[in-house]
Amino acid sequence: MKCDLLYSADLFFASFATKSSSCFHLFFASRSCGVLKLHTSMVKLRAMEFWYAVFVLFSLFIIGKADVYIVTVEGEPIISYRGDVDGFEATAVESDEKIDTTSESVTSYARHLENKHDMLLGMLFEQGTYKKLYSYQHLINGFAVHISPEQAERLMRAPGVKSVERDWKVRRLTTHTPQFLGLPTGVWPTGGGFDRAGENIVIGFVDSGIYPHHPSFASHSTDPYGPVPKYRGTCEVDPDTKKSFCNGKIIGAHHFAKAAIAAGVFNPVIDFASPMDGDGHGSHTAAIAAGNNGIPVRMHGHEFGKASGMAPRARIAVYKALYRLFGGFVADVVAAIDQAVYDGVDILSLSVGPNSPPATTKTTYLNPFDATLLSAVKAGVFVAQAAGNGGPFPKTLVSYSPWIASVAAAIDDRRYKNHFTLGNGKILPGLGLSPSTHPNRTYTLIAANDVLLDSSVVKYSPSDCQRPEVLNKNLVAGNILLCGYSFNFVAGSASIKKVSETAKSLGAIGFVLAVENVSPGTKFDPVPSGIPGIVITDVKKSMDLIDYYNISTSRDWTGRVKSFKAIGSIGDGLMPILHKSAPQVAIFSARGPNIKDFSFQDADLLKPDILAPGSLIWAAWSPNGTDEPDYVGEGFAMISGTSMAAPHIAGIAALIKQKHPHWSPAAIKSSLMTTSTTIDRAGRPLQAQQTSETQGIKFVSATPFDYGSGHVDPRAALDPGLIFDVGFEDYVGFLCTTPGIDAHEIKKYTNSPCNYTMGHPSNFNSPSITVAHLVGSRTVTRTVTNVAQEETYVITARMAPAIAISVSPPAMTLKPGASRKFSVSLTARRLTGTYSFGEVLLKGSRGHKVRIPVVAMGYRR
């Protein structure tokens, strides 16, 4: 407990008993760090404060537990303010235009909004009964406040208040890929080489912070970084070293934890009250998108290759709002996004998604989080968000809105495999990034349960091999330690890293982990080890190993081992195997169809948008990081998740922004989607991992609900030929046209009336077409803009037999910068009760290919 308590408004906190007390006492706190003492003279002198504290304390017991609420109020935020308040000039920006935060009109209007927030709270509540955490002025007009449910009810009824929503939690959605994506030969040379790839583009990361001392973020070994005039962010100072987090490569660093503190879950000792990464996740995502090129990935004496970000010369701006134990809160995330856009980032990478739907919002597109991102896009910021890790089940996405690039995760062409050879000649496949045991030699197998020093240690789950002190070193030394893979490994209380450390400390040659039980679809990732080690992931193969061990091991009548006769050897698992079947959709990657509300009604909008590498990605790690138990204390980690896929897209978007600085976020998203591929390296349609009936993983034909438009192709995305462009008004039009969304709700979150509709939401000019309920026939329109030389495009379409498809016109010629419309007609032929998939292809005379997916389900009239 802190001893330096303050009086006045915070007085009542001193009224609670200390941890050493067995009952509650009311007292004032002294400023010593010993036991809090009662000062009777102070009580007499401060009688009024005392009774005020008592009043506040008991009023809190009466009105209930306080929570954080996100409140939006009447009045335009800076990004859309048109100058209708006397004395304050307009600050609104046009679509895709950055906010000029240096102007006096912006700063004065920001002060005006914050004063209004403070006045509203001051008029409604007694000082000390609430705590305002943030004022939001740039992207939404509102604030986050810590109040009781009863106060929230009163606030909801107050004039000028548009919405009051209880804060909800978010979570993290947890190298070789530059070569796999063709960046070194096909993309970086167009921007001046790797040492200029992403130059002067700023990528903002709303994540768990950064470890600034990692070589992936160093600036001393590169050409000096100059200033970026458009970026106005600053860096916090590390409270321990007193040094700035900025170093030229990192040009912005802030942390946001007020909602976490108010919720009582923030621990500054392990969470770090600074941008320092206490988790590992934030450093990993930043390095994927913008880490330095050619950084050796070394672990346990082996180099696994060279790591590089997608845009290695891009700048990094850190907005820490996620923490290792509890994830984060939307109020903190919204404040981080607001600050990032104010600072002037070009790209936002979000490997974060909600734990659950907002409590008071029915529509997936309308809540403080998505509304803030809509304003960010209006300010010209491209947003890449992880699609979620709820796959392979349908409707598991956590990224819904058309203004966001929702990124699914793929397996690339690199696989790590290993094998264990039994003394009976059987070869058991498994996983383990480790060296082999000595060639042409076998070693005795010793099961952990057979070498316990004391039978009482069974309570420590000794078969997990997490505690070397409970095992007999004399029996283990020089042999292979056999361990069991229990639920503790899934829960995170046991780790393969600890098994390796246990085996090494006991003098074992190596270790084997046998998986005897597994949930369907469980995914195992290989883990680096300094000594020979392997995990036998197939339950049947594990049983073969255990049966062989039991048959070969003789025991007395009590079950105690008389002699260990089982032998084996561990193969070399350090070298990857490259597969032509890549890319494939990872089993954990969230799947569509997209939903428009939390009744899970299907949306007329395809999600995810695009597929990018997200499985077994090597990148920087924080030595403080505990997000992955197998990489605690390491400088690099190889982990999987759509969290890893999103920064791939953020980094590639930075390369596109560098080449086309005036393109809108929608244009960048379009170029990524229309040039993506649905074919793997072997020339076959993409496949997706799926759970099988035998608890393993099988492969099925992938659909746009798995991969969106397809797997990203960075080289083609730099020169897409045509783009499907949209702006802020189009996003509002999409919302206004979507059935079931109230116009007042739209106005509340977008500050725009429904003056424009598009007939049907499928007419929204996205680079995909989705009709969730096709009754009879429907014709949708799209507008393309030529971003290349004059070219003639032939338009064709194909669709599964249940839906008839046609396009008009069959061809069109566009001059540079010109825009043209075309229409796509869909007719339900058969009612199958399932979605049908197809595509429209625009093939240009100069070699451009522009492809958009088509998804529809037919219904009776």
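Residues numbered from 1 in each chain as written. Predicted model: local features only at pLDDT ≥ 70, side-chain atom pairs only at ≥ 80, totals over all residues. Heavy atoms only, no water.

**Student:** Teacher, can you tell me more about the overall build of the protein here?
**Tutor:** A count of helical and extended segments in the protein gives 21 helices and 41 strands. Relative to its full complement of 861 residues, the protein shows a buried share of 58%. With the model as given, the accessible surface of the protein reaches about 34,300 Å², and the carbon-plus-sulfur share is 54%. (Helix = DSSP H or I, 4+ residues; strand = E, 2+ residues; numbered from the N terminus. Buried < 20%, exposed > 50% of the residue type's maximum accessible area, 1.4 Å probe, protein only. Areas by Shrake-Rupley, 256 points an atom, 1.4 Å probe, with all protein chains shown as cover.)

**Student:** Teacher, can you tell me more about the sheet that holds strand β21 (residues 510-514) here?
**Tutor:** Pairing in this open sheet of seven strands is mixed, and the strands run β18-β17-β25-β19-β20-β21-β22 from one edge to the other. Looking at the sheet topology across the chains shown, the edges are occupied by β18 (427-430) and β22 (533-536). Within this sheet the neighbouring strands show an average axis-to-axis angle of 30°, counted without direction. The sheet contact formed by strand β19 (residues 443-447) and strand β25 (residues 567-570) spans two bridges and is antiparallel. Looking at β25, one finds that Tyr443 is bridged to Gly568. This element, helix α14 (residues 496-505), spans β20 (480-484), β21 and β22 of the sheet and lies at about 140° to β21. (Pairing = 2+ DSSP bridges. Axes fitted to C-alpha atoms, helices over the stretch in contact; angles between N-to-C directions. Contact = heavy atoms within 4.5 Å.)

**Student:** Looking at this structure, how should I read the side chain of His254?
**Tutor:** By the element assignment, His254 lies in strand β7 (residues 250-255). Assessed through its relative accessible area of 15%, His254 is described here as buried. If near-sequence neighbours (up to four positions away) are discounted, His254 is found in contact with Thr234, Glu236, Pro275, Val318, Tyr319, Lys320 and Asp343.

**Student:** Hey, could you run me through helix α21 (residues 743-750) in this one?
**Tutor:** Note that an α-helix has 3.6 residues per turn; residues three or four places apart therefore point the same way. Buried residues of α21: Ile746, Lys748, Tyr749 and Thr750, and no others. For α21, the N-terminal cap is Asp742; the gap from its side-chain oxygen to the backbone nitrogen of His744 is 2.9 Å. (Polar contact = N/O pair within 3.5 Å; in protein donor to acceptor, adjacent residues only side chain to side chain.)

**Student:** Help me understand the state of the cysteines in this model?
**Tutor:** Think of a disulfide as a covalent bridge from one cysteine sulfur atom to another cysteine sulfur atom. A full pass over the atoms with the stated rule returns three disulfides. In this model, Cys235 is linked to Cys246 through a disulfide, with the two sulfur atoms separated by 2.0 Å. Across the S-S bond linking Cys235 and Cys246, the dihedral sits near 90°, which makes this disulfide right-handed. Of the two residues, Cys235 sits in the loop between β6 (202-207) and β7 while Cys246 sits in the loop between β6 and β7, which places them 11 residues apart along the sequence. Across the disulfide, Cys736 is cross-linked to Cys754 (sulfur-sulfur distance 2.0 Å). Between Cys736 and Cys754 the sulfur-sulfur dihedral comes to about -85°; the bridge is accordingly left-handed. Of this pair, Cys736 sits in helix α20 (residues 728-737) while Cys754 sits in the loop between α21 and β34 (769-775), and the two are 18 residues apart along the sequence. Classification of Cys754 by relative accessible area gives partly exposed; the value is 31%. (Disulfide = S-S within 2.5 Å.)

**Student:** What is the right way to read unusual backbone geometry from this model?
**Tutor:** Residues apart from glycine generally show negative phi values, whereas peptide bonds are mostly found in trans. Going from Gly391 to Pro392, the amide bond is cis rather than trans, its omega being 5°. Turning to its location among the elements, Pro392 is positioned in the loop between β14 (382-386) and β15 (405-411). A positive phi angle, close to 65°, is found at Phe272, a residue other than glycine. Tracing the sequence through the fold places Phe272 in the loop between α8 (268-271) and α9 (281-290).

**Student:** What should I look at first to understand the pairing of strand β10 (residues 315-320) in this one?
**Tutor:** A regular strand places its side chains on the two faces of the sheet in alternate fashion. With six of its six residues buried, β10 lies for the most part within the structure. Residues Arg315, Ala317 and Tyr319 point to one face of β10 and Ile316, Val318 and Lys320 to the other, with burial holding for every one of them. Across six bridges, β6 lies against β10 in parallel orientation. In the strand pairing of β10, Val202 is matched with Arg315. The pairing of β7 with β10 spans five bridges and is classified as parallel. Looking across to β10, one finds that Ala253 is bridged to Val318.

**Student:** How do you make sense of the packing of aromatic side chains when you look at a structure like this?
**Tutor:** Working definition: an aromatic ring pair is given by the centre-to-centre distance plus the angle between the planes. Inspection of every chain in the model, using the stated rule, returns 20 aromatic pairs. Ring centres 6.0 Å apart and planes at 40° place the aromatic pair Phe326 and Phe329 in the tilted group. Since its relative accessible area comes to 10%, Phe329 is described here as buried. Within the aromatic cluster, the residues linked to one another by ring pairs are Tyr365, Trp403, Tyr731, Phe734 and Phe764. Above the face of the Phe728 ring, Lys378 is positioned so that its terminal group lies 4.3 Å from the ring centre. (Phe/Tyr/Trp six-rings, centres within 6.5 Å; stacked < 30°, edge-to-face > 60°. Lys NZ or Arg CZ within 6 Å of the ring centre and 35° of its normal.)

**Student:** Please explain the sheet that holds strand β2 (residues 131-136) as it appears in this structure.
**Tutor:** Backbone hydrogen bonds are what pair the strands of a sheet, in a parallel or an antiparallel way. Judged by pairing direction, the sheet is antiparallel, and its four strands sit side by side in the order β2-β3-β1-β4 without closing on themselves. Of all strands in the sheet, those bounded by a partner on one side alone are β2 and β4 (161-166). The mean angle between the axes of side-by-side strands here comes to 20°, regardless of whether they run parallel or antiparallel. Relative to strand β3 (residues 142-147), strand β1 (residues 67-73) is paired through six bridges, and the arrangement is antiparallel. Following the sheet pairing, Thr72 is matched in β3 by Gly142. Lying on the sheet, helix α4 (residues 149-157) is in contact with β1, β3 and β4; it crosses β3 at an angle near 150°. Docked against the sheet, α21 engages β1 and β4, running at close to 85° with respect to β4.

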